[in-house]
Amino acid sequence: MMTLRLYMAQRISALIMAPLVLMHIGVMIYAIQGGLSAAEILGRTQGSAFWFLFYGIFVIALSVHAAIGLRTVLSEWAGLRGSLLNGFSWAVLVLLLILGMQAVYGVTAT
Amino acid sequence: MVDKNHISVSVWRGGATGSFQDFKVKLEDNQTVLDVVAWIQAYADPTLSYRYACRVGMCGSCAMMVNGSPRWTCRTHVNKVLVDGKMEIAPLRNLPVIKDLATDMDPFFEKWVTAEGLHHPTKTRDDPIEAIDPSNAARVEINEGIECINCAVCYAACDTVASNLDYLGPAALQRAWSVYNDSKDAGKQAVLDAVSGAGGCHNCHSMGSCAVHCPNDLNPMKAIAGLKRETARNFFKRRT
């Protein structure tokens, strides 16, 4: 049930995510050298517009990408169609956005 | 194996619901699966229904599931597919069964039309015939697609069709790709629109069963990738 619009949204969100994933993993490996504490992470992220934008964009791209991917799985494996399929996909998108943005706010708010 | 000179053949009998019926068939040299089906109908059970026409791999009528894989039965030698002297023959997957080994091909062919796999003329009968350069890149791209014999083997092999019956399928999309690349076709945008809907080319997961099973060694997956590329390019063009 993949249309061109969904296909493009999923491909573009993947393009956005690819460098963010690499940087996310790179920073993690770099940051844990010599131990890691919650205070150290928060010291870096709290009040940082850069990390807010970095993970804010990451969460949006991921939510779009995952919701469309799950939509295909639900359609092909569970046989969901029409408004049930769309409703479920939108719900997944909103849930991921809420959970992700809450986490972004949690580590970047001062 | 029944004995050295005979094979045991399980043939689907009935419609959507039914069961396999076993037949003992004499093994012959160079025997094809279609020969076996024809022998059963001629000598064992005249009520067996199946479809064939040319017997030489040109018409695409005789495709069936042989031991679970879609094959053109007229060009499939029995000794190539026998497992322990046994063989199972069933109607093509992903299509409604009419009776025994005959499937209703309408959904398959209707999707060729839905995919705009038809000619959209640029000229009238009064215009001179347009010369086509055979080495032109777009024309070369069509070389594969026009060898399709419409046998629906790729359609039966496709797991995406199996889980999404709206999906146009490999053959129809390959046809659409040929039409799209035809310099004598005026319907390029119509083709791109037709393959961009809920059953369009973007549903393809590139699993490649179509290319593996195509009896003519064509690669519909490559054609579908071409459609994905062109629709994506077009997506931006229309918005700038």
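Please refer to the structure placed before this passage.
Attention here is on the structure that accompanies the text. (Residues numbered from 1 in each chain as written. Chains lettered and ligands numbered in written order. Predicted model: local features only at pLDDT ≥ 70, side-chain atom pairs only at ≥ 80, totals over all residues.)

## Some points on the overall build of chain A
Next, step 1: Looking only at helices and strands, chain A has 4 helices and 0 strands in total.
Next, step 2: For chain A, the sequential pattern of α-helices and β-strands runs α-α-α-α.
Next, step 3: Rg of the C-alpha trace for chain A: 17 Å, well past the compact-globule value of 13 Å for 110 residues, more than 25% over.
Next, step 4: If you line up chain A on its principal axes, its C-alpha atoms span 50 × 25 × 20 Å.
Next, step 5: Residue burial in chain A is summarised as follows: out of 110 residues, 20% are buried.
Next, step 6: Long-range contacts, defined as pairs at least 24 residues apart, comprise 81% of the intrachain contacts of chain A with a sequence gap of at least 6. (Helix = DSSP H or I, 4+ residues; strand = E, 2+ residues; numbered from the N terminus. Rg over C-alpha atoms; globule rule 2.2 N^0.38 Å. Buried ≥ 20, exposed ≤ 12 C-beta atoms within 10 Å, placed from the backbone. Contact = placed C-beta atoms within 7 Å.)

## Quick look at the sheet that holds strand 1 (residues 6–14) of chain B
All names here are of chain B.
Next, step 1: Strand order in this open sheet of 5 strands is 2-1-5-3-4, and the pairing throughout is mixed. Two strands in the sheet have a free side with no partner beyond their single neighbour: strand 2 (18–26) and strand 4 (69–72). Adjacent strand axes in the sheet meet at a mean angle of 35° when their direction is disregarded.
Next, step 2: Note: strand 1 against strand 5 (residues 86–90), 4 bridges, orientation parallel. Counted as the bridge partner of S10 is E88 from strand 5. (Pairing = 2+ DSSP bridges. Axes fitted to C-alpha atoms, helices over the stretch in contact; angles between N-to-C directions.)

## Here we look at the environment of F23 of chain B
Residue and element names in this part refer to chain B.
Next, step 1: Along the chain, F23 falls in strand 2.
Next, step 2: Measuring from C-alpha to C-alpha, the distance between F23 and I40 comes to 7.5 Å, with 17 residues separating the pair along the chain.
Next, step 3: In this view, F23 contacts V9, V11, I40 and A44; residues no more than four positions away in its chain are not counted.

## Focus on the interface of chain A and chain B
Next, step 1: Taken together, the contact pairs 9 residues of chain A with 11 residues of chain B.
Next, step 2: When contributions to the side of chain A that touches chain B are tallied by element, the ones reaching two or more residues are helix 1 (4–31) and helix 3 (49–77) of chain A.
Next, step 3: Residue composition of the side of chain A that touches chain B, grouped by class: 6 nonpolar, 2 polar and 1 charged. (Nonpolar A, V, L, I, M, F, W, Y, C, P; charged D, E, K, R; others polar.)

## Section: the packing of helix 4 (residues 137–145) of chain B against helix 7 (residues 170–181) of chain B
All names here are of chain B.
Next, step 1: At a closest axis distance of 9 Å, the pairing of helix 4 and helix 7 adopts a crossing angle of 155°. Classified by the interaxial angle, the pair formed by helix 4 and helix 7 is roughly antiparallel. Pair helix 4 / helix 7 crosses with left-handed handedness. Contact with helix 4, carried on its side by A138, E141, I142 and G145, involves Q174, R175, W177, S178 and N181 of helix 7 and no other residues of that element.
Next, step 2: A class-by-class count of the residues in the contact of helix 4 with helix 7 yields 3 nonpolar, 4 polar and 2 charged. (Parallel < 35°, antiparallel > 145°, perpendicular 65-115°, else oblique. Left-handed = near helix turned anticlockwise from the far one by under 90°.)

## Structural notes on helix 7 of chain B
All names here are of chain B.
Next, step 1: Helix length check: helix 7 (12 residues) gives 17 Å between terminal C-alpha atoms against 16 Å at 1.5 Å per residue, within 8%.
Next, step 2: Within helix 7, 12 of the 12 residues are buried, which leaves it mostly tucked inside the rest of the structure.
Next, step 3: On its buried side, helix 7 packs onto helix 3 (106–114), helix 4, helix 5 (153–157), helix 8 (188–194), helix 9 (209–213) and helix 10 (220–237). (Expected span 1.5 Å × (residues − 1).)

## Re the nonpolar core
Next, step 1: Residues I89, A152, L173, A176 and V195 of chain B are the most contacted members of the largest nonpolar core, which totals 63 residues.
Next, step 2: No other element matches helix 7 of chain B, which puts 7 residues into this core.
Next, step 3: Residues lining this core come from more than one domain, with at least three contributed by each of domain 1 (6–103) and domain 2 (106–237) of chain B.
Next, step 4: In this view, V195 of chain B contacts A115, L168, L173, A176, G200, C201, L227 and T231 of chain B; residues no more than four positions away in its chain are not counted.
Next, step 5: In this structure, A61, L62, V64 and I68 of chain A belong to the second largest nonpolar core, which totals 13 residues. (Core = buried A, V, L, I, M, F, W, Y, C linked by C-beta atoms within 7 Å. Domains from an automatic or database assignment.)

## Structural notes on the pairing of strand 4 of chain B
Residue and element names in this part refer to chain B.
Next, step 1: Here strand 3 (residues 63–66) runs beside strand 4; their pairing, made up of 4 bridges, is antiparallel. Looking across to strand 4, one finds that M65 is bridged to P70.
Next, step 2: Turn length for the strand 3-strand 4 hairpin, with the two strands adjacent in sequence and antiparallel, is 2 residues, and the turn residue N67 shows positive phi of about 50°.

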